[in-house]
Amino acid sequence: MAHPFLHWPVFVEVKDLLTLVPPLVGLKGNLEMTLASRLSTAANTGQIDDPREQHRVISSNLALIQVQATVVGLLAAMAALLLGALSRGELDFAKVELLCASSVITAFLAAFALGMLMVCIVMGARKLGVNPDNIATPIAASLGDLITLSILAFISSFFYKHKDSRYLTPLVCVGFMALIPVWVLIARQNPPIMKILKFGWFPIILAMMISSFGGLILNKTISEEQYKGMAIFTPIICGVGGNLVAIQTSRISTYLHMWSTPGVLPLWMKKFWPNPCSTFCTSEINSMSARVLLFLVIPGHLIFLYIIYLVEGHSVPNSKTFVVFYLLAGLIQVTILLYLAEVMARLTWHQALDPDNHCIPYLTGLGDLLGTGLLALCFLISWLLRSEAELDGISEPVSAPP
């Protein structure tokens, strides 16, 4: 959970690091979950059964996410600085180098660790005859939060302790940027991956920007009394939403790859804006999986709530009102995301684009923004109702007859 890290001195002193948390954690949706989804689709369609082809697909995919992680890590730091400057009316140049170096290294190391893990999981699932779509993307999402936050906390604390070393952070940034041509050379051996490297930047950069606004909400609310405990719930509501929508998108993508060709939608998926009832209430395979994922929301969040109250009970709201609003927020978030997954998968496939690469970044970014916004609303409503109840409790004895 984010909570223990967010009270370290570096997070207290460098407030823009809080804005950086959702876009960096969201990179698992932009990079690792799209990697897991691509590899799962490749495994399900038999593209990696040949050992030579397997090596080419895996090495080029890993090289691709290292380029994306390095560039997007730097852009995420720039976005956090810009949003911080706009909200405060000033730019703190002393923190620019620390923020950029921390962001680039965190994105790079998290992408490498999770990328290797995804390869092992997809290959293992393929050997065991299990559908990787159901395993790889949720593991990428779950471990992505913990790994990314841990790396960000330790790396930023290291740079904060050595902030007097004049050339340390600029050298780190330049060093990681200098590795980009190496990764590009490795990616060139796979033409479809090279195509993503040339034309696949828009989804991940836009998704990073959407997540940054979620980070701004977290930055603005975390120190306010009425939002006490928000840092604990943010990774959970964002993670659950991103997890479930990534599974659904990956399944729809595999389904389209198996039953159709890019640019041609199956006859029963011709409508770009399907009736929400057809997304959740029919016997069609994607509708059935959407229903199952939606039914997982309440039990999943209840388990997380129970763990949170056991570990952090003193620092989180414990009213039944808050629990009801929180569960409702989680349900609204996932319902919207699952419907948009169906719509976006159809639109991208119609444009002969791969939903694995073009849908998951947008949906996880949107999941971060929706989750953080709805969570802030839950805390605000819960606080307002509690304040009103306290005022009623005070006014009753005052107005009572002598």
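Above this note sits the structure.
What counts, and where the lines are drawn
- Residues numbered from 1 in each chain as written.
- Predicted model: local features only at pLDDT ≥ 70, side-chain atom pairs only at ≥ 80, totals over all residues.
- Heavy atoms only, no water.
- Helix = DSSP H or I, 4+ residues; strand = E, 2+ residues; numbered from the N terminus.
- Rg over C-alpha atoms; globule rule 2.2 N^0.38 Å.
- Buried < 20%, exposed > 50% of the residue type's maximum accessible area, 1.4 Å probe, protein only.
- Contact = heavy atoms within 4.5 Å.
- Salt bridge = Lys/Arg side-chain N within 4 Å of Asp/Glu carboxyl O.
- Phe/Tyr/Trp six-rings, centres within 6.5 Å; stacked < 30°, edge-to-face > 60°.
- Axes fitted to C-alpha atoms, helices over the stretch in contact; angles between N-to-C directions.
- Left-handed = near helix turned anticlockwise from the far one by under 90°.
- Nonpolar A, V, L, I, M, F, W, Y, C, P; charged D, E, K, R; others polar.
- Patch = residues over 30% accessible without salt bridge, like charges linked within 9 Å, V, L, I, M, F, W, Y side chains within 5 Å.
- Areas by Shrake-Rupley, 256 points an atom, 1.4 Å probe, with all protein chains shown as cover.
- Arc of directions from axis to C-beta.
- Core = buried A, V, L, I, M, F, W, Y, C linked by side-chain atoms within 4.5 Å.
- Polar contact = N/O pair within 3.5 Å; in protein donor to acceptor, adjacent residues only side chain to side chain.
- Expected span 1.5 Å × (residues − 1).
- Parallel < 35°, antiparallel > 145°, perpendicular 65-115°, else oblique.
- Disulfide = S-S within 2.5 Å.

Visitor: Help me out: how do you make sense of the overall build of the protein chain in this one?
Guide: Regarding its fold elements, the protein chain presents 15 helices and 0 strands. Against the globule reference of 21 Å for 402 residues, the protein chain gives a C-alpha radius of gyration of 22 Å, in line with a compact fold. Based on the C-alpha atoms only, the size of the protein chain along its principal axes is roughly 90 × 60 × 35 Å. Classification of the 402 residues of the protein chain by burial places 54% in the buried group. Considering only contacts in the protein chain between residues 6 or more positions apart, those separated by 24 or more positions represent 83%.

Visitor: I'm lost on the pattern of salt bridges in this one. Help?
Guide: Side-chain pairing between opposite charges can occur once the charged atoms of the two side chains come close. Under the definition given, this model contains 2 salt bridges. Salt-bridge contacts for Arg56 lead to Glu53; the nearest nitrogen and oxygen are separated by 2.7 Å. In this pair, Arg56 and Glu53 are both assigned in helix H3 (residues 51-88), 3 residues apart and thus about one turn of the helix distant. Here Arg56 falls in the partly exposed class, since its relative accessible area comes to 23%. Overall, the relative accessible area of 26% leaves Glu53 in the partly exposed class. Close ionic contact of Arg346 with Glu342 constitutes a salt bridge, the shortest N to O distance being 2.9 Å. In this pair, Arg346 and Glu342 are both assigned in helix H13 (residues 320-350), 4 residues apart and thus about one turn of the helix distant. In this structure, Arg346 and Glu342 share a single accessibility class: buried.

Visitor: Even after reading the chapter, I still don't get the packing of aromatic side chains, so can you show me in this structure?
Guide: Ring pairs (aromatic) are described by centroid distance and by the angle formed between their planes. Here the structure, examined in full by the defined rule, presents 8 aromatic pairs. One aromatic cluster is present, formed by Phe233, Phe322, Tyr326 and Phe379 through successive ring pairs.

Visitor: I keep staring at the packing of helix H4 (residues 96-128) against helix H6 (residues 168-178) and nothing clicks. Help me out?
Guide: Packed helix pairs are specified by the crossing angle of their axes together with the interaxial distance, meaning the distance between the axes. Contact geometry for H4 and H6: axes closest at 9 Å, N-to-C directions at 40 degrees. Both H4 and H6 take part in a crossing whose hand is left-handed. Contacts between H4 and H6 pair Glu97, Leu98, Cys100, Ala101, Val104, Ile105 and Phe108 from the former with Thr169, Pro170, Val172, Cys173 and Phe176 from the latter. Of the residues in the contact of H4 with H6, the class split is 10 nonpolar, 1 polar and 1 charged.

Visitor: Hey, could you run me through a nonpolar patch on the surface in this one?
Guide: A cluster of nonpolar residues, Ile303, Phe304, Tyr306, Ile307, Leu310 and Val311, forms a patch on the protein surface that exposes about 620 Å² of accessible area. Within the secondary structure, Leu310 is located in helix H12 (residues 285-312).

Visitor: Can you help me understand helix H7 (residues 180-187) in this one?
Guide: Note that an α-helix has 3.6 residues per turn; residues three or four places apart therefore point the same way. Burial in H7 covers these residues: Ile180, Trp183 and Ala187. End-on, the buried residues of H7 take up no more than an arc of 65 degrees, which puts them together on one face.

Visitor: What is the right way to read the nonpolar core from this model?
Guide: For soluble globular proteins, the rule of thumb is that nonpolar side chains tend to be buried together. With 65 residues, the main nonpolar core has Val14, Leu17, Leu20, Ile48, Leu99, Phe159 and Leu197 as its most contacted residues. Among the elements of the structure, helix H2 (16-44), H3, H4, helix H5 (136-161), H6, H7, helix H8 (191-199) and helix H9 (201-221) are those that each provide at least two residues to this core. Core analysis: the second largest hydrophobic core is formed by 32 residues, Ile247, Leu293, Phe322 and Tyr339 among them.

Visitor: When you look at the side chain of Ser260 in this model, what are you seeing that I'm missing?
Guide: Here Ser260 lies in the loop between helix H10 (230-259) and helix H11 (276-280). Residue Ser260 is classed as buried on the basis of its relative accessible area of 15%. A polar contact of 2.3 Å, which involves the side chain of Ser260, links it to the backbone oxygen of Val264. Excluding anything up to four places from it in sequence, Ser260 contacts Leu265, Pro266 and Trp349.

Visitor: Would you mind going over the side chain of Thr169 with me for this structure?
Guide: Position of Thr169 relative to the elements: it lies in helix H6. Dropping the residues within four chain positions of it, Thr169 is found in contact with Glu97, Leu98, Ala101 and Phe159.

Visitor: Can you walk me through H10 in this structure?
Guide: Spanning 30 residues, H10 covers 43 Å between terminal C-alpha atoms, matching the ideal 44 Å at 1.5 Å per step. Where burial is concerned, most of H10 is hidden: 26 out of the 30 residues are buried.

Visitor: For this particular structure, what's the right way to read the environment of Thr348?
Guide: Residue placement: Thr348 occurs in helix H13. The spatial distance from the C-alpha of Thr348 to the C-alpha of Phe304 is 34 Å, given a sequence separation of 44 residues. At a separation of 2.8 Å, a polar atom in the side chain of Thr348 contacts the main-chain carbonyl oxygen of Met344.

Visitor: Would you mind going over the environment of Leu216 with me for this structure?
Guide: Take Leu216: it is sitting in helix H9. Relative accessible area serves as the criterion here: at 18%, Leu216 is assigned to the buried category. Placed 143 residues apart in sequence, Leu216 and Cys359 show a C-alpha to C-alpha distance of 23 Å.

Visitor: What am I meant to see in the packing of H9 against H10 here?
Guide: Between H9 and H10, whose axes approach to 10 Å, the crossing angle comes to 165 degrees. With respect to H10, the element H9 is oriented roughly antiparallel. In terms of crossing hand, the pair formed by H9 and H10 is right-handed. Two secondary-structure elements touch here, H9 through Ile217, Leu218 and Thr221 and H10 through Met230, Ala231 and Thr234. Across the contact of H9 with H10, the residue classes break down as 4 nonpolar, 2 polar and no charged.

Visitor: How should the state of the cysteines be read in this particular structure?
Guide: Note on terminology: disulfide describes a covalent bond linking the sulfur atoms of two cysteines. Here the structure, examined in full by the defined rule, presents 0 disulfides. For the unlinked cysteine Cys281, the closest cysteine sulfur is that of Cys277, found at 4.9 Å.

In short, shape yes, function no, at least from these values alone.
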